[in-house]
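Examination of the molecular architecture
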Amino acid sequence: MSGFDLLVRGGLLVDGTGRPGRPADVGVAAGRLTVLAPGEAPRTGAAEVIDAAGRVVSPGFIDVHTHSDGVTLLGPSGGSRLVRASVLQGVTTEICGNCGSSLFPALPERLPAMRAETRITFGGGVGAYADFAGFAAAHARVPRANHLASLVGHGTLRAGVLGPVDRPARPDELRTMCALLDASLAQGAAGLSTGLIYTPGSYAGTGEVVALAAVAARHGKPYVTHLRDEMSRVEEALEEAIEISRRSGAALHVSHHKTAGRYAWGRTERTLPRIAALRAEGMDVTCDVYPYTAGSTALAAMLPPWANDGGLGALTARLGDPAQRDRMRRAIAEGVPGWENTVGNGGWDRISVACAPRHPQAEGRTIADLAASADADPLDMAADLLVAEAGEVTIISHSMVEEDVRRVLAAPYAMIGSDGVPKPGGRPHPRWAGTFPRVLGRYVRELGLLRLEEAVHKMTGMAAARFGLTGRGVIRDGAHADLVVFDPATVADRATFTEPLLPPAGIDAVVSGGRVVVRGGEETGARPGRVLAL
Ligand SMILES: [Zn+2]
């Protein structure tokens, strides 16, 4: 029984399957786990011991929805507080490449333009790679504490073949997209993601996505989608996703499921029963959710799709033209068929600036408030800000109600994803630093919405099964040694909209790839993480 590199002793084992917790010790040797009855391990014989008395020992959390694609590639100047936030909340695997935006793939001749057009690389804007192997190789050069897997983003794929243009793909272009997707999935990408509210993904019709999802289906990998509308037309958008899944044969995963904007509040009472009925029929459909009533995205996404046609340069040129601004103002007031229109569903008073590097004084304030102070029209205020920031402004949208968030969290097929957007500067959404402890503190301990074992399952075993993370997400003999040790009595998020990167309380230790990467709530400096080829 000796020879463990690490022994986690005396904790309550919550193994990630959803089964009730039980007292057990966990040994780690050569990056793999052994489950031991209490007291079975000798007092000596492990190189390192974590005393977990009074604590829960669970599998490392799997954040199924991040935009952290490039954050570690930014280097030390990129802000290590940003990088740290994820592992300090217990996340041992991040799944990036969401919402149609990944750092690959693209045709070689499109790569220089892709690198210039940073907005499509929502997750950092540090480059673009020809395929998953190129992405993985770039990451392999930068040590990291936890693991990273990536989906193939449809928007990136489309821009990497057609450019950021508003037109259907020609048959030959669609074939090229399918081939690039196929290659990256074969190399280990986790599945296909779309962001059908974002340009250029929004320029694609249903048929294009069906063709691509069929490629994912052939690899046994899921179709993961930010629906075309999460507001007044959310049910139609869900039906489109169901159609894509049925016609392609790919499993369906709905990203950050929400029914946002005043016309859609309460609509989870219809979307969730619809998903439950499909599951009862045998369809493989799941979703993820973050535990906040506010979302975060790009300010440019508040403008109609035609405004973004041609990319950032074209957008800022249009914003310089008063006649074009009037067209945008009218589109927001009247709506555009097939466009989500966040501001029309909510108002500029629900949109606050999260990150505008050249205008830090605007951060934390709403567009309506900024406009009122300047005696300006809100659309003009947003347009001026976008022009001054070369199109790159991140916003927070206070668009949901708590009842919907709770209903989605409680759905038995909903897993947890932070949707974190770790960009340097500004005040990012606190979900990047607080999501997992917030579920465990607020929704398990304080509100009793979920049992502890159920919540841990959503963060671990359920997520691993969805994304094919073999040997992760569960604690059993031979599994990968990714663990979290937390205090169920104190675990809580501390990150807020004003202090968005404050580390949580109660996450004592995190083990990644068999090494202790967090101890006493602080990073140890170990960097055993790697890119996972699935
Ligand atoms: Zn999204």
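A tally of regular secondary structure across the protein gives 17 helices and 21 strands. Its C-alpha radius of gyration of 22 Å places the protein within 12% of the 24 Å reference for a compact globule of 534 residues. Principal-axis analysis of the C-alpha atoms gives the protein an extent of 75 × 50 × 45 Å. Across the 534 residues of the protein, 61% fall into the buried class. Relative to all contacts within the protein whose residues are 6 or more apart in sequence, the contacts with residues 24 or more apart total 77%. On the protein, roughly 18,100 Å² of surface is accessible, and the fraction owed to carbon and sulfur atoms is 52%.

In terms of nonpolar packing, the biggest core is built from 87 residues, with F61, Y223, L440 and F486 touching the most fellow members. Residues contacting F61, with those up to four places away along its chain left out, are Q89, G90, V91, T92, T93, F436, L440, M459, T460, V484, F486 and I507. L312, L319, M381 and V393 belong to the second largest nonpolar core, which has 34 residues in total.

With that out of the way, let us pick up the coordination of the zinc ion. Only C99 (SG), H226 (ND1) and H256 (NE2) from the protein coordinate the zinc ion, and they sit 2.0 to 2.3 Å from it. All donors of the zinc ion belong to a single chain; written as a sequence motif, their spacing is C-x126-H-x29-H. In this pair, C99 sits in the loop between β7 (91-96) and α2 (111-116) while H256 sits in the loop between β12 (252-254) and α8 (268-280), placing the two residues 157 residues apart along the sequence. For C99, a relative accessible area of 6% translates into the label buried.

On to the pattern of salt bridges. As enumerated under the stated definition, the model contains 37 salt bridges in all. Across the salt bridge formed by E235 and R270, the nearest N and O atoms sit 3.1 Å from each other. With E235 in helix α7 (residues 234-248) and R270 in helix α8, this pair connects stretches of sequence that are 35 residues apart. E239 is the partner of R274 in a salt bridge, and the nearest nitrogen-oxygen pair spans 2.7 Å.

Inspection of the secondary structure puts G16 in the loop between β1 (4-13) and β2 (22-29). The class for G16 is buried, based on a relative accessible area of 1%. Discounting residues that sit within four places of it in the chain, G16 has contacts with P59, V456, H457, T460, G461, G473 and V474.

Turning next to the sheet that holds strand β14 (residues 295-298). Strand order across the open sheet formed by three strands is β14-β16-β15, with antiparallel pairing between neighbours. Each edge of the sheet is formed by a strand with only one pairing partner; in this case those strands are β14 and β15 (351-355). For this sheet, the mean angle separating the axes of adjacent strands, direction not counted, is 35 degrees. Note: β15 against strand β16 (residues 394-397), four bridges, orientation antiparallel. Counted as the bridge partner of I351 is S397 from β16.

A few words now on helix α5 (residues 171-187). The first and last C-alpha atoms of α5 sit 25 Å apart over 17 residues, in line with the 24 Å expected at 1.5 Å per residue. In this structure, the buried residues of α5 make contact with α3 (132-140), β9 (152-153), α4 (154-159), β10 (192-195) and α6 (206-218). In the stretch just after α5, G188 is the one whose phi turns positive, near 130 degrees.

On to the sheet that holds strand β6 (residues 61-63). Overall, parallel pairing links the three strands, which are arranged β6-β7-β8 in an open sheet. Only two strands of the sheet have a single neighbouring strand rather than two, namely β6 and β8 (147-150). Between one strand axis and the next, the sheet turns by 20 degrees as a mean value, whatever way the strands run. Judged from the four bridges that link them, β7 and β8 form a sheet pairing that is parallel. Paired with E94 across the two strands is L148, which belongs to β8. Sitting on the sheet, helix α15 (residues 431-446) touches β6 and β7, and the angle it makes with β6 is about 130 degrees.

Attention shifts here to the side chain of S418. Relative to the helices and strands, S418 is located in the loop between β17 (414-416) and α15. At a separation of 2.9 Å, a polar atom in the side chain of S418 contacts the main-chain amide nitrogen of G420. Residues within four places of S418 in sequence aside, it is in contact with D63, H65, T66, Y290, R431, W432 and T435.

Orientation of α6 relative to α7, taken along the N-to-C sense of each, is 50 degrees, at an axis distance of 8 Å. What the angle tells us is that α6 and α7 run oblique. Seen from above, α6 lies across α7 with right-handed handedness. Of the residues in α7, those in contact with T206, G207, V209, V210, A213, A214 and A217 of α6 are E240, E243, I244, R247 and S248.

Let's shift gears to the confidence of the model for the protein. Chain-level pLDDT for the protein is 93 on average; 96% of the residues reach the 70-or-more range. Counting interchain partners and residues more than four positions distant, the pLDDT-below-50 stretch residues 119-125 has 30 contacts.

What follows concerns the state of the cysteines. The final tally for this structure, using the stated rule, is zero disulfides. Cysteine C287 is unpaired, with the sulfur of C99 as its nearest cysteine sulfur at 14 Å. For C287, a relative accessible area of 0% corresponds to the buried category.

Thresholds, definitions, all that
- Residues numbered from 1 in each chain as written.
- Predicted model: local features only at pLDDT ≥ 70, side-chain atom pairs only at ≥ 80, totals over all residues.
- Heavy atoms only, no water.
- Helix = DSSP H or I, 4+ residues; strand = E, 2+ residues; numbered from the N terminus.
- Rg over C-alpha atoms; globule rule 2.2 N^0.38 Å.
- Buried < 20%, exposed > 50% of the residue type's maximum accessible area, 1.4 Å probe, protein only.
- Contact = heavy atoms within 4.5 Å.
- Areas by Shrake-Rupley, 256 points an atom, 1.4 Å probe, with all protein chains shown as cover.
- Core = buried A, V, L, I, M, F, W, Y, C linked by side-chain atoms within 4.5 Å.
- Donors = N, O, S within 2.8 Å, 3.2 Å for Na, K, Ca; no water.
- Salt bridge = Lys/Arg side-chain N within 4 Å of Asp/Glu carboxyl O.
- Pairing = 2+ DSSP bridges.
- Axes fitted to C-alpha atoms, helices over the stretch in contact; angles between N-to-C directions.
- Expected span 1.5 Å × (residues − 1).
- Polar contact = N/O pair within 3.5 Å; in protein donor to acceptor, adjacent residues only side chain to side chain.
- Parallel < 35°, antiparallel > 145°, perpendicular 65-115°, else oblique.
- Left-handed = near helix turned anticlockwise from the far one by under 90°.
- pLDDT = per-residue confidence, 0-100.
- Disulfide = S-S within 2.5 Å.

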